[in-house]
Amino acid sequence: MTYDFLQHYWCFIVSLLGALLVFLLFVQGANSVARSLGQTEEGRRLVYNSTGRKWEFTFTTLVTFGGAFFASFPLFYSTSFGGAYWLWMLILFTFVLQAVSYEFQNKIGNFLGPKTFQFFLTLNGILGPLLLGGAVATFFEGSNFIIEKGNLIDAQAMTPVISHWANASHGLDALLNPWVLVFGFAVVFLARTLGILYVMNNIADEDIRSRGSVRLVGAAVPFLILFVAYLVHLLLKDGFAVDANGIVYMEPYKYLTNLLTMWPLLLVLLVGVALVLFGIGKTVLSKDYVKGIWPAGIGTVLTVLPLLLCSAWNGTAYYPSTADLQSSLTIANSCSSEFTLRTMFYVSFLVPFVLAYIVYCWRKIDAKKLTADEIKNDHAY
C-alpha cells in the first residue's frame, strides 16, 4: 500500500461522494419544478413532502464531501473553500434557506406566508445545482488562484498564507466563463430530470404523474443538449497535464487521452449514459413505468464518477490555476501525509456499513407511496 496508491484511493472516495451528491440533487431539482408539477396547493405540498423526506441525505453528503476533501487533500480545501469563499458561501446559504423553508413554510405564526418559503425552495433548487455544477466545472476549466508555499517558512511574511485568490471576486469570476455556465446549467436540468423521475415514483397521484411525463421532456432535452455540448468541448480542449517532475503544462486532447488510456473509466461512463437515457426514455414512452429514477440515478453516479476521476488521475492537475500554471493542484502536491491517508484508509472500511444504513432508512421511508392523506398530519411539511 504505497503513498501513490493511497492518493489515488482517496481521490476515488472523494469522487464517489461527489457523484452521489449529484444524484441526490434530485431534491433540488424537484423543488425547482414543484409549482408546475402540483397545480393545486395540495399538489405542491405533496411534492415538498416527498423531497422533504430526503433533503437531509443531500445536505449530509455535501458536508461529507467537503470533510473528505479537507482530510485527504487539505491544500485544495484551503485554496478553494478559503479562496473562492463567495461561491461556497452562496452554495451553503441556499442550502440553509432550504432547511429553514421546509420547517417553517406551514408553521403557525409564519408571518411571511408559505409562498415565501416555497420561493426559497425554488431558489435553492436552481442556484444550488448551478453553483455546485460551476464549482465542479472549474476542475476542468481552471480557477484564478496562486499558491505560495514559501510563505510558511518566510520570516518576513506578515501572514503565512499558502494560497490566495488573484482577484477580489473570490470564486464568482468562474461564472464569467461560458463553459462553466454550460456545465452548471446541465447539472440544473439533470437535477430537474431526476427530481421529476423521483416524484413520479414516490407520489401516488395520477395528476402529478401525468404532468411529470410532460415536464420530464422539457427538462431532459435541455440537459442532453448541454451535457453533450460540454462533453464534446471537454474531449477536444487542451488539458492540464503534469510530468514526472511535477511540472504542469497544457496538453492537447488531455481528457480524451485520459479516457482512452484508462479505458475502464470510458466503459463505466458509456454504461452510465446508457442507463440515464434508458430511465428517461422508458418513463416518457411507457405510461405505467414510474421506476425511471433508479436506472437514471445509478447512471448519473456512473457518469459523474469517471468524469471526476478523469480530472485527477493519469498525471492530471485536478484543480488548475489560470493565474499561475505551476500553482495548479494535483493529487500528489495537495494531499495529506502518508500517515493520515493510511489511517483514514482503515477508517473508510466503515463506509459500506454507513451506506447500508442509508439504504435501510431510505427503504423504510419509502415503504409506502406518498398520498394526500399523509400530508394532513402534524408532522407534514
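Since this is a predicted model, take the numbers as computed values, not measurements.

Trainee: Is there a simple way to think about the overall build of the chain in this case?
Mentor: When its secondary structure is counted, the chain shows 15 helices and 4 strands. Relative to the compact-globule value of 21 Å for 381 residues, the chain shows a C-alpha radius of gyration of 21 Å, a close match. Overall size of the chain, expressed as C-alpha extent along the three principal axes, is 65 × 45 × 40 Å. Across the 381 residues that make up the chain, the buried fraction comes to 51%. Long-range contacts, defined as pairs at least 24 residues apart, comprise 75% of the intrachain contacts of the chain with a sequence gap of at least 6. Put simply, the chain shows about 17400 Å² of open surface, and 70% of that area lies on carbon and sulfur atoms. A gap of 12 Å separates the mean positions of the 23 positive and 22 negative side-chain charges of the chain.

Trainee: Is there a simple way to think about the pairing of strand E4 (residues 248-251) in this case?
Mentor: Pairing of strand E3 (residues 239-242) with E4, which is carried by 4 bridges, proceeds in the antiparallel orientation. Within the sheet, the bridge partner assigned to Val-242 lies in E4 and is Val-248. Counting the residues that bridge the hairpin from E3 to E4 gives 5 residues, and of these Gly-246 lies at a positive phi of roughly 85°.

Trainee: Explanation requested: the packing of helix H1 (residues 3-24) against helix H14 (residues 338-347) in the structure shown.
Mentor: Between two packed helices, the angle of one axis relative to the other and the distance separating the axes together describe the packing. Axis separation between H1 and H14 bottoms out at 10 Å; the angle between their running directions is 55°. Comparing their axes, H14 and H1 come out oblique. The crossing of H1 and H14 is left-handed. On H14, the residues that touch Tyr-3, Phe-5, Leu-6, Gln-7, Tyr-9 and Trp-10 of H1 are Glu-338, Leu-341, Arg-342, Met-344 and Phe-345. In terms of residue class, the contact of H1 with H14 is built from 8 nonpolar, 1 polar and 2 charged.

Trainee: Please explain unusual backbone geometry as it appears in this structure.
Mentor: A negative phi holds for most residues other than glycine; trans holds for most peptide bonds. Residues other than glycine seldom take positive phi values, yet His-170 does so here, at roughly 50°. Inspection of the secondary structure assignment puts His-170 in the loop between strand E2 (163-165) and helix H9 (178-202). Accessibility expressed as a relative area gives 18% for His-170, which makes it buried. Phi at Asn-314 takes a positive value of approximately 60°, unusual for a residue other than glycine. Structurally, Asn-314 is set in the loop between helix H13 (293-310) and H14. Residue classification places Asn-314 among the partly exposed positions, given a relative accessible area of 30%.

Trainee: Is there a simple way to think about the packing of aromatic side chains in this case?
Mentor: Any pair of aromatic rings gets described here by the distance separating the centres and the angle formed by the planes. As enumerated under the stated definition, the model contains 39 aromatic pairs in all. Seen in terms of ring centroids, Phe-76 and Tyr-318 are 5.9 Å apart; in terms of plane orientation they differ by 50°. Their pairing is tilted. Separated by 242 residues along the polypeptide, Phe-76 in helix H6 (residues 74-83) and Tyr-318 in the loop between H13 and H14 bring together distant segments of the chain. Comparing Phe-76 with Tyr-318, the two get one shared label, buried. Positioned above the aromatic ring of Tyr-289, the side-chain terminus of Lys-282 is 4.6 Å from the ring centre.

Trainee: How should the environment of Gly-184 be read in this particular structure?
Mentor: Of note, Gly-184 is situated in helix H9. Gly-184 sits 57 residues away from Leu-127 along the chain, and the two C-alpha atoms are 9.4 Å apart. Not counting the four nearest positions on each side in its chain, Gly-184 is found in contact with Pro-129, Leu-130, Gly-133 and Gly-134.

Trainee: I keep staring at H6 and nothing clicks. Help me out?
Mentor: Residues of H6 that are buried include every one of Leu-75, Phe-76, Thr-79, Ser-80 and Gly-83, and no others. Axial view of H6: buried residues confined to an arc of 105°, hence all on one face.

Trainee: Can you help me understand the packing of H9 against H13 in this one?
Mentor: Across the interface, H9 lies against H13 with an axial gap of 9 Å and an inter-helix angle of 150°. Classed by the angle they form, the pair H9 and H13 counts as roughly antiparallel. Between H9 and H13 the crossing geometry is left-handed. Here H9 contributes Leu-190, Leu-194, Leu-197, Tyr-198 and Asn-201 to the contact with H13, which in turn contributes Ile-293, Trp-294, Ala-296, Gly-297 and Thr-300.

Trainee: What exactly am I supposed to notice about the pattern of salt bridges here?
Mentor: A pair can form between side chains of opposite charge whenever their charged atoms are brought close. Counting across every chain of the model gives 3 salt bridges. The shortest N-O distance in the salt bridge between Glu-41 and Arg-44 comes to 3.2 Å. Of the two residues, Glu-41 and Arg-44 both sit in helix H4 (residues 41-52), 3 residues apart, roughly one turn of that helix. Residue classification places Glu-41 among the partly exposed residues on the basis of a relative accessible area of 34%. When its relative accessible area of 10% is taken as the criterion, Arg-44 is described as buried. Close ionic contact of Arg-211 with Asp-207 constitutes a salt bridge, the shortest N to O distance being 3.3 Å. Note that Arg-211 and Asp-207 are positioned in helix H10 (residues 206-236) at a spacing of 4 residues, about one turn of the helix. Under the relative-accessibility criterion, Arg-211 is labelled partly exposed at 25%. The exposure class of Asp-207 is partly exposed, given its relative accessible area of 38%.

What counts, and at which threshold
Residues numbered from 1 in each chain as written. Predicted model: local features only at pLDDT ≥ 70, side-chain atom pairs only at ≥ 80, totals over all residues. Heavy atoms only, no water. Helix = DSSP H or I, 4+ residues; strand = E, 2+ residues; numbered from the N terminus. Rg over C-alpha atoms; globule rule 2.2 N^0.38 Å. Buried < 20%, exposed > 50% of the residue type's maximum accessible area, 1.4 Å probe, protein only. Contact = heavy atoms within 4.5 Å. Areas by Shrake-Rupley, 256 points an atom, 1.4 Å probe, with all protein chains shown as cover. Lys, Arg positive; Asp, Glu negative; His and termini not counted. Charge placed at Lys NZ, Arg CZ, Asp CG, Glu CD. Pairing = 2+ DSSP bridges. Axes fitted to C-alpha atoms, helices over the stretch in contact; angles between N-to-C directions. Parallel < 35°, antiparallel > 145°, perpendicular 65-115°, else oblique. Left-handed = near helix turned anticlockwise from the far one by under 90°. Nonpolar A, V, L, I, M, F, W, Y, C, P; charged D, E, K, R; others polar. Phe/Tyr/Trp six-rings, centres within 6.5 Å; stacked < 30°, edge-to-face > 60°. Lys NZ or Arg CZ within 6 Å of the ring centre and 35° of its normal. Arc of directions from axis to C-beta. Salt bridge = Lys/Arg side-chain N within 4 Å of Asp/Glu carboxyl O.

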